[in-house]
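Reading the structure
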Amino acid sequence: MNKNAPRIKTGLESLCDNPPEYLKGMRLGLLANPASITSRFVHAKDVLSRLFPGRVCALFSPQHGFFAEKQDNMIESGHFRDPDLNIPVFSLYSETRVPTTDMFDPIDTLVIDIQDVGTRVYTFIYTISYCLETAAKLGRSVVILDRPNPVGGLQVEGNILEEACASFVGRYPIPMRHGMTIGEITAYINTTQKIGCDLTVIPMQGWTRDMYWQETGLVWIPPSPNLPTPLSAMVYPGQVIFEGTNLSEGRGTTLPFEQFGAPYVDTMTLIQAVKDRLKGIVLRPLCFQPTSGKWQNQTCKGVQIHIMDRDEYKPYLCSLILLQEIMRAHPNGFQFKAPPYEYEFERLPMDLILGSRSLRENIEKMNDPVELEKAWQRPLQEFRQESQDFYIYK
């Protein structure tokens, strides 16, 4: 036995071990990006090509591109032909985010091998949802190769998205941190949204809900450029809200989402204001200069989040508290980001990210986020109970 073997097998590895009979003879498409690899670093494209010679007929890519090279939001990637297989690669973050009939013409079954990060605003699950809808309309089938939720499957956090705030960073009434794997949430969406796609999930082996990425034994391949490490994924369900402000969320630095700030931030006042309110983390004061994005080449004063106890840490609540304290201390410096954001040109980006206009208004009114959190516990519990029906791993 290889002592360095990962503790779990992904859905892709399960496919390698037991290639399904129902895929043989099918014309296959593959939605993937650089994180779609085996533990031996073989890409899903090459796995499918070896298992089903001549049957891979089209490739598809989500936001950030097939090679995950596009850095920021609303930076589209183009279509091209794969030089190895001489087949089309269709970008689903281009002039369209919805696969067209022409894109699905070459295929009978779409195989999806995408690493999600367990957060409502991460767009991959909505790209998948559009694929389910197109597949259902055209009578195609979809197969999901499951992968871990890198922030575990136990903690579920945040308010449920309100319909008025639905967008490409939140199509459905789910919380910010949903606690499901990519296979589980795809099945949940397919059923609860009555899409009715012919869907199969090929599960992982060995994954349990208490596992964070660090316990899987798998190598972390960034699913998008600004989630370079498992730690960045752990803070992301909270720190992503700063995309809706004029604070740098750390893009253009080596620690995106782990650090944040702006030239106007009084760091020590911020740390003092929240010192007894944030559980499971330590804030370390620092300065940084983003090389791109907000405050490019300007010195930002801020903090880095160091996670000391991941079970106590609530990333969403912590970031709401930090947001409010910065707003309180810097009424003349702080601003919410103006549209556009993820192809929404009128609604406030912060409302789309939070999934709630009223939550943003309550934060502005200086209502305590801890009290606001209590108000969303009942809908959150209802989501948890409903979503458990789709759990593959206990």
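Refer to the structure printed above.
In this text the structure is predicted, and so the values were computed from the model without any measurement.

So, the overall build of the protein
Summing up its helical and strand segments, the protein has twelve helices and ten strands in all. Computed over C-alpha atoms, the radius of gyration of the protein comes to 21 Å, within 12% of the 21 Å expected from 2.2 N^0.38 for 394 residues, which places it in the range of a compact globule. Seen through its C-alpha atoms, the protein measures out along the principal axes to roughly 65 × 45 × 40 Å. Every one of the 394 residues in the protein was classed for burial, and the buried ones make up 59%. Expressed as a percentage of contacts within the protein between residues at least 6 apart in sequence, the contacts between residues at least 24 apart total 74%.

Focus on unusual backbone geometry
The omega torsion of the bond from P339 to P340 falls at 5°, within 30 degrees of zero and hence cis. Considering the arrangement of structural elements, one finds P340 in the loop between α8 (315–329) and α9 (349–354). Of note, W295 is a non-glycine position whose phi angle comes to about 60°, a positive value. Along the polypeptide, W295 turns up in the loop between β9 (281–288) and β10 (300–307). If you check the backbone angles, E342 has positive phi at about 50° while not being a glycine. Its place among the elements puts E342 in the loop between α8 and α9. Its relative accessible area of 2% is what places E342 among the buried residues.

As for the sheet that holds strand β1 (residues 28–31)
Taken in spatial order, the seven strands of this open sheet run β3-β4-β2-β1-β5-β6-β7, and their pairing is mixed. With partners counted over all chains shown, the strands left at the sheet margins are β3 (80–82) and β7 (198–202), one partner each. Strand-to-strand twist across the sheet, computed as the mean angle between neighbouring axes with direction ignored, equals 25°. Both strand β5 (residues 109–112) and strand β6 (residues 141–145) contribute to a ladder of four bridges, which runs parallel. Paired with I112 across the bridge in β6 is I144.

Re the packing of helix α6 (residues 230–239) against α8
Where α6 meets α8, the closest approach of the two axes is 6 Å, and the angle between their N-to-C directions is 55°. As the angle between them shows, α6 and α8 are arranged oblique. Like other packed secondary-structure pairs, α6 and α8 cross with a definite hand, here right-handed. Listed contacts from α8 to M234, V235, P237, G238 and Q239 of α6 are P315, Y316, S319 and L322. Split into classes, the residues belonging to the contact of α6 with α8 amount to six nonpolar, three polar and no charged.

Considering the pairing of β5
Burial along β5 is two-sided: T109 and V111 facing one way and L110 and I112 facing the other are all buried. Pairing analysis gives four bridges linking β1 to β5, with the strands arranged parallel. When the bridges of β5 are listed, L28 appears paired with T109. Handedness of the crossover joining β5 and β6 through helix α4 (residues 124–138) is recorded here as right-handed.

What about the pairing of β6?
With respect to burial, β6 is a largely interior element, five of its five residues being buried. Burial along β6 is two-sided: S141, V143 and L145 and V142 and I144, pointing in opposite directions, are all buried. Where β6 lies against β7, five bridges are found, and the strand directions are parallel. Bridged to I144 within β7 is V201. You can see the chain leave β6, run along helix α5 (residues 182–192) and come back into β7, and the turn it takes is right-handed.

Conventions used here
Residues numbered from 1 in each chain as written. Predicted model: local features only at pLDDT ≥ 70, side-chain atom pairs only at ≥ 80, totals over all residues. Heavy atoms only, no water. Helix = DSSP H or I, 4+ residues; strand = E, 2+ residues; numbered from the N terminus. Rg over C-alpha atoms; globule rule 2.2 N^0.38 Å. Buried < 20%, exposed > 50% of the residue type's maximum accessible area, 1.4 Å probe, protein only. Contact = heavy atoms within 4.5 Å. Pairing = 2+ DSSP bridges. Axes fitted to C-alpha atoms, helices over the stretch in contact; angles between N-to-C directions. Parallel < 35°, antiparallel > 145°, perpendicular 65-115°, else oblique. Left-handed = near helix turned anticlockwise from the far one by under 90°. Nonpolar A, V, L, I, M, F, W, Y, C, P; charged D, E, K, R; others polar. Right-handed = clockwise from strand over helix to strand, strands pointing away.

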